[in-house]
Amino acid sequence: QVQLAESGGGLVQAGGSLRLSCVASGRTFGRYVLGWFRQAPGKEREFVGAIRWSSAITYYADFAKGRFTISRDSAKNTVYLQMNSLKPDDAAVYHCAAGPISSGTYYYTGSYDLWGQGTQVTVSS
C-alpha cells in the first residue's frame, strides 16, 4: 500500500523552527514531485513548496522563500520541510503530497494523486 506519513508538527513560539518529515512507503518516486501544502481553519489548502524527486529542484511559495527549505533523502524515501522564523500565520495542518508532475503545475492541489494525513503546526505569539 502506497502511503505518505507526516510527522514533526507541534507547538512552537513565534520566531522558532520546526522540521517536518514525510516518509513515503510502498513505492519509489523517481519521476514524481513531492509537495508540501498547508490548510488553516476556514481557509483553502495552499501550496508551500515542492521538490522534484529526481533532480532535487525545489519550488516555493512567495511566503516560504527565505524561511522554509525542502530537501529529500533518497535512501530514507523521506522529504523534509525545514521551517524557520515561524509566524502565527504559519499555523496550519501541513500535508505532503506526491504527483507525477512533468509540467509547472506543482502549486496546484489537483496535480497530486497521493496525500498524507497531515501534521498540525501551532505557532504562539
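What you see is a predicted model, and the numbers here were worked out from it, not measured in a lab. (Residues numbered from 1 in each chain as written. Predicted model: local features only at pLDDT ≥ 70, side-chain atom pairs only at ≥ 80, totals over all residues. Heavy atoms only, no water.)

J.: Let's hear about the sheet that holds strand β8 (residues 78–83): which residues, and what values?
T.: Overall, antiparallel pairing links the 4 strands, which are arranged β1-β3-β8-β7 in an open sheet. Strands with a single pairing partner mark the edges of an open sheet, and in this sheet they are β1 (3–7) and β7 (68–73). Taking each pair of neighbouring strands and ignoring which way they run, the sheet shows an average axis angle of 15°. As paired strands, strand β3 (residues 18–25) and β8 are joined by 6 bridges and run antiparallel to one another. For Leu18, the partnering residue across the bridge sits in β8 and is Met83. (Pairing = 2+ DSSP bridges. Helix = DSSP H or I, 4+ residues; strand = E, 2+ residues; numbered from the N terminus. Axes fitted to C-alpha atoms, helices over the stretch in contact; angles between N-to-C directions.)

J.: I'd like a rundown of the state of the cysteines, residues and numbers included.
T.: By the definition in use, this model includes 1 disulfide. Here Cys22 pairs with Cys96 through a disulfide, and the sulfurs are 2.0 Å apart. In this structure, the disulfide formed by Cys22 and Cys96 twists by about 60° around the S-S bond and is classed as right-handed. Here the residue Cys22 occupies a position in strand β3, and Cys96 occupies one in strand β9 (residues 92–99), the gap between them amounting to 74 residues. What makes Cys22 buried here is its relative accessible area of 1%. Cys96 sits in the buried class, given a relative accessible area of 1%. (Disulfide = S-S within 2.5 Å. Buried < 20%, exposed > 50% of the residue type's maximum accessible area, 1.4 Å probe, protein only.)

J.: Quick rundown of the side chain of Asp90? Include the residues and the values.
T.: Assignment of secondary structure puts Asp90 in the loop between β8 and β9. Here Arg67 takes part through its side chain, which lies 2.7 Å from a polar atom of the side chain of Asp90. Within the structure, Asp90 has its side chain in polar contact with the backbone nitrogen of Lys87 (distance 2.8 Å). In contact with Asp90, other than residues within four places in its own chain, are Arg38, Arg67, Phe68, Ser85, Val121 and Val123. (Polar contact = N/O pair within 3.5 Å; in protein donor to acceptor, adjacent residues only side chain to side chain. Contact = heavy atoms within 4.5 Å.)

J.: Hey, could you go over the nonpolar core for me, with residue numbers and the actual values?
T.: Where a protein is soluble and globular, its nonpolar side chains tend to be buried together. Leu4, Phe29, Leu34, Trp36, Leu81, Met83 and Tyr94 are the most contacted members of the largest nonpolar core, which totals 28 residues. Once residues lying within four places of it in the same chain are set aside, the contact partners of Phe29 are Val2, Leu4, Ala24, Leu34, Trp53, Asn77, Ala98 and Leu114. (Core = buried A, V, L, I, M, F, W, Y, C linked by side-chain atoms within 4.5 Å.)

J.: Mind laying out the environment of Leu4, listing which residues take part and the relevant values?
T.: Mapped onto the fold, Leu4 is located in strand β1. Accessibility expressed as a relative area gives 7% for Leu4, which makes it buried. Put simply, Leu4 and Cys22 are 18 residues apart on the chain and 6.3 Å apart in space, counted from C-alpha to C-alpha. When sequence neighbours within four positions are dropped, the list of residues in contact with Leu4 reads Cys22, Val23, Ala24, Phe29, Leu34, Cys96, Ala97, Ala98, Leu114, Trp115, Gly116 and Gln117.

These results come straight from atomic positions and should not be treated as a statement about function.
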